[in-house]
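Per-entry structural report
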Amino acid sequence: LLTMSVLGLAIAAASSAQARDYDHVRIGVDVPYEPMEYRTADGELTGFDIDLGNALCDRIGVTCEWVEQEWDGIIPGLLSRNYDAIMSSMTINDERRQQVLFSDPYITMPSAWFAPSTLDITEANEETLAGKTIGVQRGTLQDNFVTDNFNSIASISRYSTADDMVLDMQAQRLDIVFLDFPIGQSTLLNNEDTDYVVVGEQVSEPKEYFGDGFGIAFRQRDEALAERFNDALAELQDDGTYDEIFARYFGE
Ligand code: ARG
């Protein structure tokens, strides 16, 4: 009987730690990733994720603090409690579901290949990419896809930040890059000096790589916190706030 009640106490203590009620939520983000998370000329943090994240926090009634973290270490940083959530264009997929708990998807974006028009290919495949240098951000699903499919025929350059990759592309050290479509669109297609194009179709299959939309990631035990974000997301989608933020970055 004594053992039973000691065990009971231990369980009660564990579950109250689990249901920790946050009033201050730190959110990990890898910047820049324009238009999702970047800094304005004045140094202010902005973007679709930032505005939506701030609106969610307002709705939930918590203070949110953005914590910058390079992509490659972004899940380890969550697990070691450097922050309590990740909102950084993170695609929901099964591999990550084993480590983190995802919110409902808050947006869905395809991937795409971007190259200078002079590369002169209309599709990205084993033949057209043979001998080419492909740029990806390290640890992204694009890295996984390119590594699994083109490692033996092309050379792959992995970058800690999307920005370094775009700079190397502009310096002509890369033939082609593979990344989330809106990021290539705003950093390369809108470039005035070089004529960049999307090569082939936008890519969102197979699901095993390209997943189920972007989600906010939490530690597995923080179900209550994820629930609060899901409820707030549904409210912002109902009352038009979500559409207003969407239009700010992607047009009507
Ligand atoms: N959507 C891709 C993934 O989940 C890349 C996201 C990178 N995000 C960032 N803020 N750099 O793997």
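Residues numbered from 1 in each chain as written. Predicted model: local features only at pLDDT ≥ 70, side-chain atom pairs only at ≥ 80, totals over all residues.

Thoughts on the overall build of the protein
The secondary structure content of the protein amounts to 10 helices and 12 strands. Along the three orthogonal principal directions, the C-alpha set of the protein runs to about 75 × 40 × 30 Å. Of all 252 residues assigned to the protein, the portion counted as buried reaches 36%. Put simply, 74% of the contacts in the protein that link residues at least 6 apart link residues at least 24 apart. (Helix = DSSP H or I, 4+ residues; strand = E, 2+ residues; numbered from the N terminus. Buried ≥ 20, exposed ≤ 12 C-beta atoms within 10 Å, placed from the backbone. Contact = placed C-beta atoms within 7 Å.)

Some details on the pairing of strand β9 (residues 155–159)
Of the pairings in the sheet, the one linking strand β8 (residues 133–137) to β9 comprises 5 bridges and is parallel in character. Paired with Gln137 across the bridge in β9 is Tyr159. Handedness of the crossover joining β8 and β9 through helix α5 (residues 141–150) is recorded here as right-handed. (Pairing = 2+ DSSP bridges. Right-handed = clockwise from strand over helix to strand, strands pointing away.)

Topic: the site of the ligand
Every one of the 13 residues lining the ligand counts as a neighbour, but Asp30, Tyr33, Thr91, Thr140 and Leu141 are closest to it. Looking at side-chain class alone, the shell around the ligand contains 5 nonpolar, 5 polar and 3 charged residues. Summarising the domain contributions, the shell around the ligand has at least three residues from each of domain 1 (22–108 + 212–250) and domain 2 (111–210). (Near = placed C-beta within 6 Å. Nonpolar A, V, L, I, M, F, W, Y, C, P; charged D, E, K, R; others polar. Domains from an automatic or database assignment.)

As for the domain arrangement of the protein
Parsing the protein into structural domains produces domain 1 (22–108 + 212–250) and domain 2 (111–210). Taking the mean C-alpha position of each, domain 1 and domain 2 sit 25 Å from one another. Each partner contributes to the interface: domain 1 provides 12 residues, whereas domain 2 provides 16 residues.

Side note on the packing of helix α2 (residues 48–60) against helix α9 (residues 223–238)
One way to put it is that α2 packs onto α9 with a least axis distance of 9 Å and a crossing angle of 105°. The pairing of α2 with α9 is recorded here as roughly perpendicular in orientation. Where α2 approaches α9, its residues Ala55, Leu56, Arg59 and Ile60 are matched on the opposing element by Arg228, Phe229, Ala232, Leu233, Glu235 and Leu236. Of the residues assigned to the contact of α2 with α9, the class counts are 7 nonpolar, no polar and 3 charged. (Axes fitted to C-alpha atoms, helices over the stretch in contact; angles between N-to-C directions. Parallel < 35°, antiparallel > 145°, perpendicular 65-115°, else oblique.)

Points about unusual backbone geometry
Glycine aside, residues mostly have negative phi angles, and peptide bonds mostly take the trans form. Here the residue pair Val31 and Pro32 is connected by a cis peptide bond, since its omega of 0° sits within 30 degrees of zero. The topology assignment puts Pro32 in the loop between β1 (24–29) and β2 (38–39). Here the bond from Glu34 into Pro35 is cis, since omega is 10°, no more than 30 degrees from zero. Relative to the elements of secondary structure, Pro35 occurs in the loop between β1 and β2. Although it is not a glycine, Arg81 adopts a positive phi angle of roughly 65°. Position of Arg81 among the secondary structure elements: in the loop between α3 (74–79) and β5 (85–86). Positive phi, close to 60°, is recorded for Gln172, a residue that is not glycine.

Digging into the sheet that holds strand β11 (residues 196–203)
Taken together, 5 strands build an open sheet; the order of strands is β9-β8-β10-β7-β11 and the sheet is mixed. With one partner strand each, in any of the chains shown, β9 and β11 form the two edges of the open sheet. Here the average twist between neighbouring strands, direction ignored, is 25°. Of the pairings in the sheet, the one linking β8 to strand β10 (residues 176–180) comprises 2 bridges and is parallel in character. By the bridge assignment for β10, Gly135 is matched with Val177.

Observations concerning the pairing of β1
Pairing analysis gives 6 bridges linking β1 to strand β4 (residues 63–68), with the strands arranged parallel. Bridge pairing in β4 links Gly28 to Val67. The sheet contact formed by β1 and β5 spans 2 bridges and is parallel. Looking at the pairing, Ile27 lines up with Ala85 of β5.

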